[in-house]
Amino acid sequence: MQKRCGGCDKPFEAKRKTAKFCSDRCRMRVHRKPTEPEQPAPVASPTPAEREGDADSLIQAARAELQAAGRLQTAAGRAVLALARRIDANAAETGSSLAAMVREFRAALADALRGAGETGDPVDELRARRDRKRAG
């Protein structure tokens, strides 16, 4: 029975009706050849700049919290906004990488906001120092 080889595309005499290759060499070549995975169609997702105007945007929420705490222009505040942009533009991220970025975002936001409410009035600081002295 004449068949065409699945590896080299030459005709060969098949010993069985299920034969696909003319030799072991062709069979191994085909099985070792890397297959190209299908690329998923790109999904049109909004860019971070487009999302910044969105009320549900993580960027907007982070910016509002940092602004209220007066930490928007700090390095930690900028890092938080960069992470928020990356999370909002998560079109190509896997679940585990997104989860890791969210954990890092939460830690960076907590770090940026740490001590934000402690910047007290000098009079309050003097009053607290006086009270500590009186107490003991």
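Above this text you will find the structure in question.
Presented here is a report on the structure given in the accompanying data block.

Criteria and cut-off values
Residues numbered from 1 in each chain as written. Predicted model: local features only at pLDDT ≥ 70, side-chain atom pairs only at ≥ 80, totals over all residues. Heavy atoms only, no water. Helix = DSSP H or I, 4+ residues; strand = E, 2+ residues; numbered from the N terminus. Buried < 20%, exposed > 50% of the residue type's maximum accessible area, 1.4 Å probe, protein only. Polar contact = N/O pair within 3.5 Å; in protein donor to acceptor, adjacent residues only side chain to side chain. Salt bridge = Lys/Arg side-chain N within 4 Å of Asp/Glu carboxyl O.

This brings us to the side chain of Ser57. If you trace the backbone, Ser57 turns up in the loop between helix H2 (48-51) and helix H3 (58-69). With a relative accessible area of 2%, Ser57 lands in the buried category. A polar contact is formed between the side chain of Ser57 and the backbone nitrogen of Ile59, at a distance of 3.1 Å.

A separate point is the pattern of salt bridges. Scanning the model with the defined rule gives four salt bridges in all. When the shortest N-O distance is used, the salt bridge between Arg27 and Asp24 registers 3.5 Å. You can see Arg27 and its partner Asp24 sitting in helix H1 (residues 24-32), three residues apart, about one turn around the helix. The exposure class of Asp24 is exposed, given its relative accessible area of 56%. One salt bridge in this structure joins Asp124 and Arg127, with 3.4 Å as the shortest N-O distance.

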